[in-house]
Each structure stands twice: as structure tokens, then as C-alpha cells.
Amino acid sequence: MSENNAKGTILVIEDDKVIQNLIGTTLEIFNYNYQIASNATQGILKATSYNPDVIILDLGLPDMDGIEVIKKIRSFSLIPIIIVSARIENEDKILALDEGADDYLTKPFNTEELLARIRVTMRHTNISKNVHEENNSIFVNGDLKIDYVKGCTYIKEEEIHLTAIEYKLLCLFAKNVGKVLTHNYIKKEIWLDDNGSDSQLSLRVFVTNLRKKLKNTDYIKTHIGIGYRMLQI
Ligand code: CA
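Here's a quick rundown of the structure.

Rules and cut-offs
Residues numbered from 1 in each chain as written. Predicted model: local features only at pLDDT ≥ 70, side-chain atom pairs only at ≥ 80, totals over all residues. Heavy atoms only, no water. Donors = N, O, S within 2.8 Å, 3.2 Å for Na, K, Ca; no water. Buried < 20%, exposed > 50% of the residue type's maximum accessible area, 1.4 Å probe, protein only. Helix = DSSP H or I, 4+ residues; strand = E, 2+ residues; numbered from the N terminus. Contact = heavy atoms within 4.5 Å. Pairing = 2+ DSSP bridges. Axes fitted to C-alpha atoms, helices over the stretch in contact; angles between N-to-C directions.

**Considering the coordination of the calcium ion**
Distances from the calcium ion to its protein donors, namely Asp-15 (OD), Asp-58 (OD) and Gly-60 (O), fall within the range 2.2 to 2.4 Å. Judged by its relative accessible area of 4%, Asp-58 falls in the buried class.

**Quick word on the environment of Ile-10**
As for its placement among the helices and strands, Ile-10 is situated in strand S1 (residues 9-13). Judged by relative accessible area, Ile-10 falls into the buried class, the value being 0%. With 42 residues separating them along the chain, Ile-10 and Pro-52 place their C-alpha atoms 5.3 Å apart. Beyond its immediate chain neighbours, meaning those up to four positions away, Ile-10 contacts Leu-27, Tyr-32, Asn-33, Tyr-34, Gln-35, Tyr-50, Pro-52, Val-54, Ile-56 and Ile-118.

**A few points about the sheet that holds strand S7 (residues 144-147)**
Strand order in the open sheet formed by four strands is S6-S7-S8-S9, and the pairing between neighbours is antiparallel. Edge positions in the sheet fall to strand S6 (138-141) and strand S9 (158-160), since each has one partner strand and no second. Taking the axes of each pair of neighbouring strands and ignoring which way they run, one obtains an average angle of 25° across the sheet. Both S6 and S7 contribute to a ladder of four bridges, which runs antiparallel. In the sheet register, Asn-141 faces S7, and the bridge partner there is Leu-144. Lying over the sheet, helix H6 (residues 164-175) contacts S6, S7 and strand S8 (152-155), oriented at roughly 105° with respect to S7.

**Here's the deal with the sheet that holds strand S11 (residues 220-223)**
Strand order in the open sheet formed by three strands is S10-S12-S11, with antiparallel pairing between adjacent strands. Strand pairing shows two members of the sheet lacking a second neighbour, strand S10 (180-182) and S11, which therefore form its edges. Geometrically, the sheet is characterised by an average inter-axis angle of 30° between neighbouring strands, direction not taken into account. The pairing of S10 with strand S12 (residues 227-230) spans three bridges and is antiparallel. Looking across to S12, one finds that Val-180 is bridged to Arg-229. Lying over the sheet, helix H7 (residues 183-190) contacts S10 and S12, oriented at roughly 75° with respect to S10.

Structure follows, in C-alpha cells:
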């Protein structure tokens, strides 16, 4: 396999040999370059030396808490991180996403899920790169267009009217397209004061209204108990 044909380079930080093999074999078959680190220390070192496109990080590592690993990597790099968590509970995923992880997989996962998450994450990085490189005053996703300068939103070139909060919410999703945003993160970005369960409910109402106005429910995906994500259509 030539390096030039590879779809990207992935760093896998995982101590479980079975999962290492599963991920490694999948990446090889689907033509990604990859390296494996069996503990956090090795993983952080490789994140700097190998400079991967995506990091897959197990939260349960022998030498360091996965959340600490995210903090350390985020102190020097914005490389997308997909966390792998064995626990069904959402707390650790929420914590990891709030510390800067981009996406998550829950064990046991299948290879299709893994590949889909990698594709989405890499597409998100490419979109962000393009936004920085080009004129970033207009956002386009399928039929949706946001003109940040005018503060206008269009569906199929027809303007739709959003409330101030709906517009703020839409811009937040658009700027993080492909990334899971937690309820807490969204509330912090959109509202100055947090009224506990009340704001959780109103966030759901705002998202519902926004979906209706976008005339397509596929743009904003719900992650039950965690948050929302805008999909690239
Ligand atoms: Ca583990």
C-alpha cells in the first residue's frame, strides 16, 4: 500500500489488544495509514511526532485518565479526537466532548460505525480548513446557505426568518458541522444564564423550531442524553 493512496493517517490509543486488532485490520483494509499506542504516554508522544489526521482514543487507559489525555493533546493541537468508551453512561462522553473531543464510539461498535465516524471527522476538518483558507462569510450545506455578513439564512435561495436565538444556534451548529455539541456547551454559548432543566427543555424547543424552518430534519441530529450535531448534507 503506497502512502500516497492512503485516505489519511490515524493514531489509535488503546490498550485492549482485541480492539487494537479490530481497528488496525479495518484501517488497513480500508487503506488508512495508522499507528497504535498502548498507553497514554506513548499516545501523547505519537500525537506530536506522527501528526495524525485523526486520533481514536480509548478513555480507559492503564496509565492516565482519558479526559487528561484529551486536555494534554488539546494544549498543543486541534487534531480531531474520536473517543471510545466502554461505558453506556453518557457522563464520561459529555465530559470528553466538553474537553474538546470531536465524536464518540461506544463499545462494542462495528467497523462500519468506526469508518463512518472517521469519514465525518475528516470531512469536518477539511471544511474547517477551507473556511479558514477561503472567504468565510458564507456557509453552504446542501440547500442551506448562511450569509454571516448580512445575518441572513436561505433555503434553496429563499430567505427564511429566524429569531435571534435560532440564528445564533444555527451559526453555532454550522461552525461546528460534523461535531457533537453537548447540551451544556450549547447553553453556555447561546444563553448567558443557565436555568437548569428549564433551559434543557427550551433548547429542545428551539431545535425543533429550527428544524421546521430549515424544512429538513436531517440537518440537526439528536444524540439522546448528550447533545446535537449538524450533519454535512
Ligand atoms: Ca481500555
